[in-house]
Amino acid sequence: MKRDGIIIVLVLIVSAVCFSVILFSLDTVITQYWIVMNRYDNVQAEMSLEGKVAELVMTSENANNLVKDTILNNKPEVYKPKAFSIPIEGMEDSSGTIKFSYCDDGRLNYLLSVEGTRNKVIDNITVKGHVFNPIVDHCDEGLVTLQDKSLDYVERLDGFLDGLRSSFNSDAIDSSYFLAENYLENEVIVRAKSSGYRYIDFIRESHMSRYSFWSGKMVLFKEFDGFNRDSVRLEELPDSLTYGLLMGVIYLEEGDLVISGDMRFGGIIVLNNGRIIKEGDGEVIIKGKVIINNYDQPDEGIIIEYDSENVRLMSKFLPGFISPTIDSIR
């Protein structure tokens, strides 16, 4: 009888130990399950945020690319964060903020933060990068040339300009700009003053066609016709009270830009294979960006000043200029 009692006690002890082990194991399994599920939710939330951020920064469609859309349609309030609602599939209470600022050298960058909740797990991601294509975003006081550049850069700039030429869309030009695109003539003279009408002459041998435009805003885009180099002259009109003023875009695939008199140009000038030549004693100031795809420097006396606002305004007419980068993500 005594022996049976000991056996019962041992059974109870073993059962209690086994039960405790089972409870501990269940608790461990359940805990691990919730840890795994929590980690799964974290990973899913992070992937959802990264996917949305990539869409907002890298997509080619302006309507979906938050950075590009903001630059194209609004002057960004630099240093002031802008909040926006953002639907993310599988996440709740998702929202974002974007802030623009300038680097020390005047380049425009952005800081994008996105936050959301998935199964009560709150996650956020912050991305920082530059707004404009890095191939042409750097500058020396607004001037980009091949001077001191590597062979790799030369090839990348060639590719960028090839894409710009093939993707140029004249339908994107605002109606307030005078558009001269792939005209037949190889010689063009633009005469300007500080206000009022400006005049543009298209010259072919002895024939000349003259047009006038009021705003001083123009987009001149000329591809090489395969025969003759192009020449574009910007001249100050004699009756100008101060100086000739123009703004916009000048692109020449094969040709030179000559500037005469006191002239101011605000915007972007791209010479794929050409020079900028100064005539006379007038003061020539270009505010914006000049890209020369060779090793030539502009003539002495031509002042080039990087102007971030002129670059922002005019880059929307040149495909590939606004191409946000992701420099860091956390």
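Residues numbered from 1 in each chain as written. Predicted model: local features only at pLDDT ≥ 70, side-chain atom pairs only at ≥ 80, totals over all residues. Heavy atoms only, no water.

Along the backbone of the chain there are five helices and 18 strands. Across the 330 residues that make up the chain, the buried fraction comes to 45%. Considering only residue pairs separated by 6 or more positions, the chain has 53% of its internal contacts joining residues 24 or more positions apart. Accessible surface, the chain: about 17700 Å² in total, of which carbon and sulfur atoms supply 52%. (Helix = DSSP H or I, 4+ residues; strand = E, 2+ residues; numbered from the N terminus. Buried < 20%, exposed > 50% of the residue type's maximum accessible area, 1.4 Å probe, protein only. Contact = heavy atoms within 4.5 Å. Areas by Shrake-Rupley, 256 points an atom, 1.4 Å probe, with all protein chains shown as cover.)

Of all hydrophobic cores here, the largest spans 48 residues; its most connected members are Leu-112, Val-131 and Leu-157. The greatest single-element share of this core, amounting to six residues, is contributed by helix H4 (residues 151-167). Those residues in contact with Leu-157 that sit more than four places away from it in its chain are Ile-135, Val-136, Leu-146, Ile-291 and Asn-293. In this structure, Val-190, Ile-269, Val-284 and Ile-292 belong to the second largest nonpolar core, which totals 30 residues. (Core = buried A, V, L, I, M, F, W, Y, C linked by side-chain atoms within 4.5 Å.)

Applying the stated criterion across every chain, the model contains 15 salt bridges. In this structure, the salt-bridge partner of Arg-229 is Asp-256, at a minimum N-O distance of 2.8 Å. Of this pair, Arg-229 sits in the loop between strand S10 (217-222) and strand S11 (230-236) while Asp-256 is found in strand S13 (residues 255-260), placing the two residues 27 residues apart along the sequence. Residue classification places Arg-229 among the partly exposed residues on the basis of a relative accessible area of 38%. (Salt bridge = Lys/Arg side-chain N within 4 Å of Asp/Glu carboxyl O.)

It is worth spelling out the sheet that holds strand S7 (residues 187-192) at this point. The strand order across the open sheet built from six strands is S9-S8-S7-S11-S13-S15, with neighbouring strands paired in mixed fashion. The open sheet has two edge strands with one neighbour each: strand S9 (207-213) and strand S15 (276-279). Averaged over all neighbouring strand pairs, the angle between strand axes comes to 20 degrees, with direction disregarded. Here S7 runs beside strand S8 (residues 198-204); their pairing, made up of five bridges, is antiparallel. (Pairing = 2+ DSSP bridges. Axes fitted to C-alpha atoms, helices over the stretch in contact; angles between N-to-C directions.)

What follows concerns the side chain of Asp-137. Relative to the assigned elements, Asp-137 resides in helix H3 (residues 134-137). Among the residues examined, Asp-137 registers a relative accessible area of 2% and is labelled buried. Not counting residues within four places of it along the chain, the set of residues in contact with Asp-137 comprises Arg-107, His-130, Phe-132 and Lys-289.

Residues Met-58, Ile-326 and Ile-329 make up a contiguous nonpolar surface patch of roughly 260 Å² in combined accessible area. Summarising the element assignment, Ile-326 is placed in the loop between helix H5 (308-315) and strand S18 (328-329). (Patch = residues over 30% accessible without salt bridge, like charges linked within 9 Å, V, L, I, M, F, W, Y side chains within 5 Å.)

Strand order in the open sheet formed by five strands is S1-S2-S3-S4-S18, and the pairing between neighbours is antiparallel. The open sheet terminates on both sides in strands that have one partner only, identified here as strand S1 (82-85) and S18. Relative to S18, strand S4 (residues 121-130) runs antiparallel, the two being bridged by two bridges. Pairing of Lys-128 across the sheet is with Ser-328, part of S18. Against the sheet, helix H2 (residues 66-73) engages S1, strand S2 (92-102) and strand S3 (108-118), with an angle of about 55 degrees to S2.

Turning to H5, a few remarks are in order. All of the buried residues in H5 are Asn-310, Val-311, Arg-312, Met-314 and Ser-315. The inward-facing, buried residues of H5 contact H2, strand S12 (244-252), strand S14 (263-271), strand S16 (284-292) and strand S17 (302-306). With a side-chain oxygen lying 3.1 Å from the backbone nitrogen of Glu-309, the N-terminal cap of H5 falls on Asp-307. (Polar contact = N/O pair within 3.5 Å; in protein donor to acceptor, adjacent residues only side chain to side chain.)

Attention shifts here to unusual backbone geometry. The phi torsion at Asp-148 lies on the positive side, around 65 degrees, for a residue other than glycine. Position of Asp-148 among the secondary structure elements: in the loop between strand S5 (143-144) and H4. We classify Asp-148 as exposed; its relative accessible area is 75%. Positive phi, normally seen in glycine, also occurs at Asn-182, with a value near 45 degrees. Structurally, Asn-182 can be placed in the loop between strand S6 (178-181) and S7. Assessed through its relative accessible area of 33%, Asn-182 is described here as partly exposed.

This part covers H4. With 17 residues, H4 should reach 24 Å at 1.5 Å per residue; the first-to-last C-alpha distance of 24 Å fits that figure. Every buried residue of H4 is listed here: Tyr-153, Val-154, Leu-157, Phe-160, Leu-161 and Leu-164. Down the axis of H4, the buried set is contained in an arc of 125 degrees. They therefore lie on one face. For H4, the exposed residues lying more than 90 degrees away from the buried face are Leu-151, Glu-155 and Ser-166. Elements in contact with the buried residues of H4: H3, S5, S10, S12, S14 and S16. (Expected span 1.5 Å × (residues − 1). Arc of directions from axis to C-beta.)

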